[in-house]
Amino acid sequence: MTIATETKLKLDWMTIVFMAFLHIGALFVLVPSNFSWAAVGLALFLHWVTGGLGITLGFHRLITHRSFETPKWLEYFLAFCGTLACQGGPIQWVGLHRMHHLYSDQTLDPHDSNKGFWWSHMGWMLREIPADADVPRFTKDINEDPVYLFLQNYFIPIQVALGVVLYLLGGWPLVVWGIFFRIVVVFHCTWFVNSATHKFGYQTYQSNDNSKNCWWVALVTYGEGWHNNHHAFQYSARHGLKWWEIDLTWMTIQLLQFLGLAKKVKLVEN
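Note on numbering: residues in each chain are counted from 1, in written sequence order. Only residues with pLDDT of 70 or above have their local features reported here, since the model is predicted, and side-chain atom pairs are shown and tallied only from 80 upward, although totals for entire chains, interfaces and linings are computed over all residues. Processing note: side-chain calculations cover all non-hydrogen atoms of the structure and skip hydrogens and water entirely.

Trainee: Hey, could you run me through the overall build of the protein chain in this one?
Mentor: Looking only at helices and strands, the protein chain has 12 helices and zero strands in total. Starting at the N terminus, the α and β elements of the protein chain follow one another as α-α-α-α-α-α-α-α-α-α-α-α. This radius of gyration counts C-alpha atoms alone. The globule rule is 2.2 Å times how many residues there are, raised to the power 0.38. The C-alpha radius of gyration of the protein chain comes to 18 Å, within 12% of the 18 Å expected for a compact globule of 270 residues. Projected onto the principal axes, the alpha-carbon positions of the protein chain cover approximately 55 × 50 × 40 Å. Residue exposure (1.4 Å probe, protein chains only): buried if accessible area is under 20% of the type maximum, exposed if over 50%, otherwise partly exposed. Each of the 270 residues in the protein chain was classed as buried or not, and the buried ones make up 54%. Counting contacts in the protein chain only where the partners sit at least 6 residues apart, residues at least 24 apart contribute 70% of the total. Of the roughly 13100 Å² that the protein chain leaves accessible, carbon and sulfur atoms contribute 67%. The charged-residue count follows a simple rule in which Lys and Arg add positive charge and Asp and Glu add negative charge, with His and chain termini not counted at all. Charged groups are reduced to one reference atom each: NZ for lysine, CZ for arginine, CG for aspartic acid, CD for glutamic acid. Taking the 18 positively charged and 18 negatively charged side chains of the protein chain as two groups, their mean positions are separated by 2 Å. Helix numbering and strand numbering both begin at the N terminus, where a helix is a DSSP run of H or I of at least 4 residues and a strand a DSSP run of E of at least 2. In what follows, residue pairs with any heavy atoms lying within 4.5 Å of each other are defined as contacts. In these tables, accessible area is a Shrake-Rupley quantity obtained with a 1.4 Å probe, and a residue counts as shielded only by the protein chains included in the view.

Trainee: In this structure, what is going on with the packing of aromatic side chains? I would like to understand it.
Mentor: Pairing of aromatic side chains here covers Phe, Tyr and the six-membered ring of Trp, requires ring centres within 6.5 Å, and sorts the geometry by plane angle: under 30 degrees stacked, over 60 edge-to-face, intermediate tilted. Counting across every chain of the model gives 15 aromatic pairs. Between the aromatic rings of F117 and F200, the centroid separation amounts to 6.3 Å while the plane-to-plane angle is 55°, which identifies the pairing as tilted. Remark: F200 occurs in the loop between α9 (172-194) and α10 (215-220) and F117 occurs in helix α5 (residues 117-121); sequence separation between them is 83 residues. A residue is classified by how much of its surface remains accessible, and F200, at 35% relative accessible area, is partly exposed.

Trainee: Looking at this model, I keep getting lost on the pattern of salt bridges. Mind explaining?
Mentor: A side chain with one charge may pair with a side chain of the opposite charge, provided their charged atoms come close. When a carboxyl oxygen of Asp or Glu is within 4 Å of a side-chain nitrogen of Lys or Arg, the pair counts as a salt bridge. Tallied over the full model, the rule gives eight salt bridges. Ionic pairing is found between D247 and R61, a salt bridge with its closest N-O pair at 3.0 Å. One end of the pair, D247, is in the loop between α11 (227-232) and α12 (248-258); the other, R61, is in helix α2 (residues 37-64), and 186 residues separate them in sequence. Both residues of the pair, D247 and R61, count as buried. As a salt-bridge pair, E75 and K72 come within 3.3 Å of each other at their nearest N and O atoms. Taken together, the residues E75 and K72, both in helix α3 (residues 72-83) and three residues apart, mark about one turn of the helix. Residue classification places E75 among the buried positions, given a relative accessible area of 4%.

Trainee: I would appreciate a short explanation of the environment of L22 in the present structure.
Mentor: Relative to the elements of secondary structure, L22 occurs in helix α1 (residues 13-26). A relative accessible area of 4% means that L22 is categorised as buried. Note: C-alpha distance between L22 and R182 (160 residues apart in sequence) is 9.9 Å. With residues near it in sequence (within four places) discarded, L22 still touches F180, I183, V184 and F187.

Trainee: I would appreciate a short explanation of the side chain of R182 in the present structure.
Mentor: The topology assignment puts R182 in helix α9. E224 provides the closest opposite charge to the buried, unpaired R182, separated from it by 16 Å. Sequence-distant contacts of R182, that is, excluding residues within four places in its chain, are made with A43, L46, H47, T50, L84, A85, Q159, L162 and W177.

Trainee: Just checking my understanding: could you explain the nonpolar core for this structure?
Mentor: Within this scheme, the nonpolar core is defined by two criteria: the residues are buried Ala, Val, Leu, Ile, Met, Phe, Trp, Tyr or Cys, and they are joined through side-chain atoms within 4.5 Å. If you look at the biggest cluster of nonpolar residues, it comprises 62 residues, and the most contacted ones within it are I63, F68 and L166. When residues no more than four places from it in sequence are discounted, the contact partners of L166 are L42, L46, G171, L174, V175, G178 and I179.

Trainee: What am I meant to see in the UniProt feature "transmembrane region" (unreviewed entry) in the protein chain here?
Mentor: UniProt positions are given in the numbering used here, feature names are shortened, and annotations may be inferred rather than shown by experiment. The UniProt feature table records "transmembrane region" (unreviewed entry) at residues 12-31, 37-59, 147-168 and 174-193. Taken end to end, residues 174-193 comprises 100% helix and 0% strand; its first and last C-alpha atoms sit 28 Å apart.

Trainee: What is the right way to look at the packing of α1 against α9 in this model?
Mentor: When two helices pack together, their arrangement is captured by the angle between the axes and the distance separating the axes. Lines fitted to C-alpha atoms define the axes here, with helix axes fitted over just the stretch in contact, and angles between the N-to-C directions of these axes take values from 0 to 180 degrees. Running from amino to carboxyl end, α1 crosses α9 at an angle of 120°, the nearest separation of the two axes being 8 Å. It follows that α1 is oblique to α9 by the angle criterion. The element α1 and its partner α9 pack so that their crossing is left-handed. When α1 is examined against α9, the residues M19, F21, L22, H23, G25 and A26 are found in contact with a partner set consisting of V176, F180, F181, I183, V184, F187, H188 and W191. When residue character is reported, Ala, Val, Leu, Ile, Met, Phe, Trp, Tyr, Cys and Pro are called nonpolar, Asp, Glu, Lys and Arg charged, and the others, Gly included, polar. Classifying every residue of the contact of α1 with α9 gives 11 nonpolar, three polar and no charged. Our angle categories are set so that under 35 degrees counts as roughly parallel, over 145 as roughly antiparallel, 65 to 115 as roughly perpendicular, and the remainder as oblique. Helix crossings fall into two classes, left-handed where the near helix is turned counterclockwise from the far one by less than a right angle and right-handed where it is turned clockwise.

So, in structure tokens, the structure goes:
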């Protein structure tokens, strides 16, 4: 893989324009006519569906780390929920995250926190990073799966389709809150795992990187903020390992276990 410094990497103008479009769209929640409690409630619900079930449970703990198993239909449903978070397709997301763990806080880490808070939070996405070309090597288990390929190639049209449905159900307030505002909030909540949890908090375990346990990130990401625990035990389905480290996603996995929908759950051995 070619190594390049941030200053030498070309700007990714397509991503920059896309991000600007979404963030500007989110500002329309400030227009009084776009406010309704139904729209706010929808945004909160979709935050959980896309950020909690989709990114945290689906993309991360299930697909990236295979910390438990589910029936294929449920895996695909969770992958679909993650796709609705609009953080790229599942193949790219999983590949870059596996790369992050292999090279955590080293030169080849796509969002190396040693390059600064801004870079690890979102600056890395606004550049044409060499890591993108290496994704297929890290996703051989899903590269040829037709469902994952569909979600990878059509994650934007899928989001547009959701926007059309919301518009038909409740007009622009549902679109502004349920699409633009919700996407941007889930973006930054997720990105805090790359930035804030490599800067703020405490380390319980030796992980040979800057990963830390940060309670407020855990709060907005359904348990992902216990990042030092996760980097120390990447295979574990449970990230909150102390009694006070509340992990809502682990509770969800326990519920799936109870219902017979989660099996071979991997945990830290005491």
